[in-house]
Amino acid sequence: MAVLARSSASADEVHRVISTALDGAFYRAVNPDLAESGLDPIRHYAGSGWREGRDPAPWFSTRAYVEAYPEVVKAGWNPLHHYLIVGRREGREVVRSTLADDYLLRRARRGEAPAWRFETLIGEGQAADVLAEETALRHRERSLAAQEFDAGFYVASNPDVARTGVDPLDHFLASGWREGRDPNAAFSVKDYLESYPDIAAADINPFVHYLSAGRAEGRTGRTELGFRYEIIKRLVPLETRVAAVARASARLKLGTAAALAKALGGARTGLADLHVTFSHDDYTANTGGVQLCLQREGARLAALGRDHLHLYPAKPWPVVRVRGEPGHLGVLLNGEPAGIFAPKTIAGVLAKTAGAAKPRRRSFAIHSLLGHAASEAADILAAAELKAGFFWLHDFASLCAGFHLLRNDVEDCSAPPPESAACGICVYGPWRDRHLAEHERLFERLALTVVSPSQPTLDLWKASSAYPAAGETVLPHATLVARGPAPATPADRPLRVAYTGMPTAHKGWEIFRDLAARFAADPRYHFLHLGGRAPVGSPIEFHKVTVTGATPRAMQDAIARHEADVVLLWPLCRETFSFAAYEAVAAGAAIVAGPDSGNVAAFVEAGGHGIVLGDEDALARAFEAGEVLQLARAKRLPMLYDLAFSGLTVDLLEGVP
Amino acid sequence: MKVLCYSSFTFSYLNRARVLFQTLRRFHPDWELVALVTDRPPAGFRFDPAAEPFDRVVWAQELGIPDFPAWLFKHDVVEVCTAVKGPFLHQACESGADAVVYLDPDTALFGSLAPIEAWLEDHDILLTPHLIDPNDTPEAIADNDLSASRTGIFNLGFVAIRTTGEGARFAKWWNDRLLDWCYDDMPAGLFVDQRWCDHVPALFDRVKVIRDPGYNVASWNLSTRTVAVGKDGQVTVNGAPLRFWHFTKLGPMGDAMTKKYGGTNFPVYEVWSWYKRQVTKATDGAIPERWWAYGAYSDGTPIEKSHRVLYRRRPDLQAAFPDPFAAGDGGFPQWLEREGL
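Residues numbered from 1 in each chain as written. Chains lettered and ligands numbered in written order. Predicted model: local features only at pLDDT ≥ 70, side-chain atom pairs only at ≥ 80, totals over all residues.

**So, the overall build of chain B**
- Counting its regular elements, chain B contains 13 helices and 14 strands.
- In terms of principal-axis extent, the alpha carbons of chain B reach across some 70 × 45 × 45 Å.
- A burial count over chain B gives 44% of its 341 residues as buried.
- Looking at chain B alone, contacts between residues at least 24 apart form 77% of all its contacts between residues at least 6 apart. (Helix = DSSP H or I, 4+ residues; strand = E, 2+ residues; numbered from the N terminus. Buried ≥ 20, exposed ≤ 12 C-beta atoms within 10 Å, placed from the backbone. Contact = placed C-beta atoms within 7 Å.)

**So, the overall build of chain A**
- Across its full length, chain A holds 29 helices and 18 strands.
- Over its C-alpha trace chain A gives a radius of gyration of 35 Å, far above what one expects of a compact globule, namely 26 Å for 657 residues.
- A principal-axis box enclosing the C-alpha atoms of chain A has dimensions of 120 × 65 × 45 Å.
- Looking at the 657 residues of chain A, the share that counts as buried comes to 43%.
- The contacts of chain A with a sequence gap of at least 6 include a subset with a gap of at least 24, amounting to 71%. (Rg over C-alpha atoms; globule rule 2.2 N^0.38 Å.)

**Digging into the domain arrangement of chain A**
- Structurally, chain A comprises domain 1 (11-123), domain 2 (140-224), domain 3 (259-474) and domain 4 (481-645).
- Between the C-alpha centres of domain 1 of chain A and domain 4 of chain A there is a distance of 67 Å. (Domains from an automatic or database assignment.)

**Brief notes about the domain arrangement of chain B**
Residues and elements named next belong to chain B.
- Entries for chain B in the domain assignment read domain 1 (3-211) and domain 2 (296-338).
- Taken together, the contact pairs seven residues of domain 1 with nine residues of domain 2.
- Looking at the side of domain 1 that touches domain 2 residue by residue, the class counts come to three nonpolar, one polar and three charged. (Nonpolar A, V, L, I, M, F, W, Y, C, P; charged D, E, K, R; others polar.)

**Concerning the interface of chain A and chain B**
- Across the boundary between the two partners, chain A contributes 28 residues, which contact 24 residues of chain B.
- Those elements that place two or more of their residues in the side of chain A that touches chain B are α12 (189-195), α15 (227-233) and α21 (421-425) of chain A.
- Taken together, the residues of the side of chain A that touches chain B break down into 14 nonpolar, nine polar and five charged.

**Some remarks on the sheet that holds strand β12 (residues 235-237) of chain B**
All names here are of chain B.
- Ordered in space as β11-β12-β13, the three strands form an open sheet in which the pairing is antiparallel. The open sheet terminates on both sides in strands that have one partner only, identified here as β11 (227-229) and β13 (240-241).
- One ladder, built from two bridges, connects β12 with β13; its direction is antiparallel. Bridging from a neighbouring strand, V237 pairs with A240 of β13.
- Sheet contacts for helix α10 (residues 267-282): β11 and β12; angle to β11, the most-contacted strand, approximately 80°. (Pairing = 2+ DSSP bridges. Axes fitted to C-alpha atoms, helices over the stretch in contact; angles between N-to-C directions.)

**Focus: unusual backbone geometry**
Residues and elements named next belong to chain A.
- With a phi close to 70°, L271 is a non-glycine residue in the positive phi region.
- With respect to the element layout, L271 can be found in the loop between α17 (257-264) and β1 (274-278).
- Owing to 24 C-beta atoms within 10 Å, L271 belongs among the buried residues under this scheme.
- Non-glycine residue A415 carries a positive phi angle of around 50°.
- Tracing the backbone shows A415 in the loop between β8 (411-412) and α21.

**Brief notes about the pairing of strand β6 (residues 125-129) of chain B**
All names here are of chain B.
- Among the five residues of β6, four are classified as buried, and the element is accordingly described as predominantly covered.
- Relative to strand β7 (residues 154-162), β6 runs antiparallel, the two sharing five bridges. By the bridge assignment, P129 is partnered in β7 with F154.
- In the sheet, β6 pairs with strand β10 (residues 207-209) via three bridges, with the strands oriented parallel. Within β10, the residue paired with L126 across the bridge is K208.

**Remarks on the packing of helix α1 (residues 11-18) of chain A against helix α6 (residues 79-90) of chain A**
All names here are of chain A.
- Taken N-terminus to C-terminus, the directions of α1 and α6 make an angle of 70°; their axes are 9 Å apart at the nearest point. By the angle between their directions, the pair α1 and α6 is classed as roughly perpendicular. Between α1 and α6, the contacting residues are V14, V17 and I18 on the first element and L80, H81, L84 and I85 on the second.
- By residue class, the composition of the contact of α1 with α6 is six nonpolar, one polar and no charged. (Parallel < 35°, antiparallel > 145°, perpendicular 65-115°, else oblique.)

**Let's talk about the pairing of strand β11 (residues 478-485) of chain A**
Residues and elements named next belong to chain A.
- Of all eight residues in β11, zero are buried; the element is thus mostly exposed.
- Pairing analysis gives seven bridges linking β11 to strand β18 (residues 639-645), with the strands arranged antiparallel. By the bridge assignment, A482 is partnered in β18 with Y641.

**Quick notes on the packing of helix α20 (residues 374-383) of chain A against helix α22 (residues 429-445) of chain A**
All names here are of chain A.
- At a minimum axis separation of 8 Å, α20 and α22 run at an interaxial angle of 25°. Regarding the angle of α20 to α22, the classification is roughly parallel. The two elements α20 and α22 meet at a crossing, and its hand is right-handed. Mapping the contact onto sequence places A374, S375, A377 and A378 in α20 and E438, H439, R441, L442 and R445 in α22.
- Class assignment for the residues of the contact of α20 with α22 results in four nonpolar, two polar and three charged. (Left-handed = near helix turned anticlockwise from the far one by under 90°.)

**Topic: the sheet that holds strand β3 (residues 329-333) of chain A**
Residue and element names in this part refer to chain A.
- Ordered in space as β4-β3-β2-β1-β5-β6-β9-β10, the eight strands form an open sheet in which the pairing is mixed. The outermost strands of the open sheet, each flanked by one partner alone, are β4 (336-341) and β10 (471-474). Strand-to-strand twist across the sheet, computed as the mean angle between neighbouring axes with direction ignored, equals 20°.

**Section: the environment of B:W274**
Residues and elements named next belong to chain B.
- Tracing the sequence through the fold places W274 in helix α10.
- For W274, a count of 22 C-beta atoms within 10 Å puts it in the buried group.
- Along the primary structure W274 and P66 are separated by 208 residues, whereas in three dimensions their C-alpha atoms are 42 Å apart.

**Quick notes on the environment of B:K259**
- Within the secondary structure, B:K259 is located in helix α9 (residues 252-262).
- Along the chain, B:K259 and B:E166 lie 93 residues apart, while their C-alpha atoms are 40 Å from each other.
- In contact with B:K259, not counting residues within four places along its chain, are A:S195, A:T223 and A:L225.

**Topic: the confidence of the model for chain A**
- Mean pLDDT for chain A: 91, with 95% of residues reaching 70 or above.
- Segment residues 119-131 of chain A is flagged for pLDDT under 50; beyond a separation of four residues in sequence, or across chains, it makes five contacts in the model. (pLDDT = per-residue confidence, 0-100.)

**With respect to the confidence of the model for chain B**
- Predicted confidence across chain B gives a mean pLDDT of 96, with 100% of residues reaching 70 or more.
- For this predicted complex, the interface confidence comes out at an ipTM of 0.94, alongside a pTM of 0.82.

**Description of the environment of A:Y428**
- Along the chain, A:Y428 falls in the loop between α21 and α22.
- For A:Y428, the residues in contact, after removing those within four places along its chain, are A:L238, A:C400, A:A401 and A:G402.

What follows is the structure, given as structure tokens:
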């Protein structure tokens, strides 16, 4: 028997339910004292009658039920309501009213028979009758659900069920609804149970309820809330994430000064020619845009024969640290791990080791300050006699703890004033001051030239900050080098629309997914997803593409091979550069971009590489009207390109050919 | 203009009230903020008004309501927390303030209320209606328009008055009505302090009905209001700056109505998400959920609503039991038990 939930039914609900089973004639007959009260039997029984031990019908003894199941009353249930909603299905027993026989006898003497058969509820043969009733009920429920159950939808959404070979409707009725699986595209089990706590409390199949009563009562089967609702619902306060990483950092085992000194002893130039970099993680162990940049920077330094010391938080901090928070740093020397050390240890050892060497060409670049404290970073650089260097705008951590400038992870915010109402409701708002203060400190301690991979990124940064920068420059991570015309494609085929990369919200997966769903049956379009993994149950044609250091062109090649006409690049957050945009164009695809996509939109507009649309409605309209069909390869006759990658900071160093 | 702003609540709503007062302090550091509390702190919770984001506390028993225990007993928690708003407002007219603003504890400011100070230059009474645009679907009409018809045209989660003229006359009238007639009894035409204010435009001059969508945004008017967040950082409602939100029914019921009418207007959920985070932060675990000192007799037995209703309908019981909370020999609970009630 299930654990008894507290009754959360309203008085109206209780009234409605017991009205279906209360025998008013019986109630009046056996309770003559009520005649004067003027109350109707249902209201009386729901109010004080059951507490007074009165029975609602000949077949139900309130007192017997309460005595047998005292927890029912304790949990706030009216006994008859409980029996009808829960108890009956749980197999709880009822006992006839002690007044029943006398009442029925009197009626019988008057030639009156009850409208129902007493014996089907209690007495001999009870078990068999109850079973029969259960079977009949199940049959009724199944017939009802079958009218609108979409087996095809169910199987497509639940490949695990499809694999078992179980009848989809049987699965849904038996356990699927309890697992939150939806019976068709128009009904959401989760929505219904969340929206109607009375149904959730009653522990009944919500779809059956909707079909049998809910719809007629004006209840809604599915609330269209959009994917952003789910993101907002899952938001974790930043303080929770910071506390977790602080705890993890404090548990780290730290290397000694001697161990670090030994590791630095293996430097190529004895640190005489030294380039120091800071970022948010170990670029040799993780993949991503910034990591790729650091790999290129490291490779160029190796080719020049210089030493490369990279410092990163050993645990991934979501924010910059302030001095005193336990953020121990991982150290890479020339791409090889040297251990994990306290920032102070690193400054101390560096002062001795680098101090022993006569400085020749020394430089530094801060690719990300996440997980670093400004003063600690400046102290470490001072130990290597460094003050002038470069500060990269790979993201907007220098403007906000929400370094994507994605308010509550759902919408581009453009870094409004910190005291704005928008920052006031944002999960990153309370942490913005910390980021501004730490970066202010950094720019005051060091002479930093700001390097932006794109002009719009630099423009926004300058409009939203007032740090004392020593200079500024724009250096794209890559440029297009023409390779020749793309192979011809047929003019009479559907437009091939691709999503490239990981299916994440901030890269715009849900925008693509919903677009693909909306136009799935439209013969003008064909949708495909090229990336590392597809979401479970995604009906969109998927091709696995893995980009590694050894296969940097894998995505570009895949776009060309699958002849994508269009790549939808609709990131929720502004891109500071976007390798994805360059890869798409290099492979001959056009880009359809969103308004808040940062350098994607700028790149598309500057190079005529596609179209930029104003919002998601405009996107749907462009597909509806067929405006995007102009982007077919057969109409554009695109060029193919190679990407010429920059050497990152190394391109900006003095004395580098 | 010297403004006094108050909210009425019990300790189980202290978390929400803290959020409200924090936002009031942010936007109106010059307003005097008063907590009107009809409760006693639970054992194990140390209430330090100096550490709270309001300037002072007024306890309901300090309002000088005659036969206070008997009067209080007639009301459930919602009824009494709304009933005390009247006496406080009336007395605040003599406090030296030029204007008094009431806000429910489950409201929070997102922008300055400076416009209401300006309106109070030309008006004596400001009210916010539940709806400023009609609904046109049967479901929304049933949920919102008809609900407002039953519970009151104006939402009394907000009212602002000048302490003179028609404002003072309103405060006296409201005080008088709420002392005797502040019950949740819709068939009798009563819904606590709120239905009374349907009369205000008829009974008083210099009344302004605030029809700005940025005021008193709540689940009951989301069907006709769209929230947006601009790149300039402004949060707007139908284009007007968001001033204050009424987070009625924090929990599954509030969520259900908010989702029903918020739909895909996702900034609505951003605002709610913010509020839930703030309330969580402001919650003190030492206060039991649903705590209310006056929810039980002196021996700790919970008071049933029917006992309160019986008591308020029977002057003889009021005379016999001037302190109906008192349990023990000769107490009201003993009488109830003997009567089988």
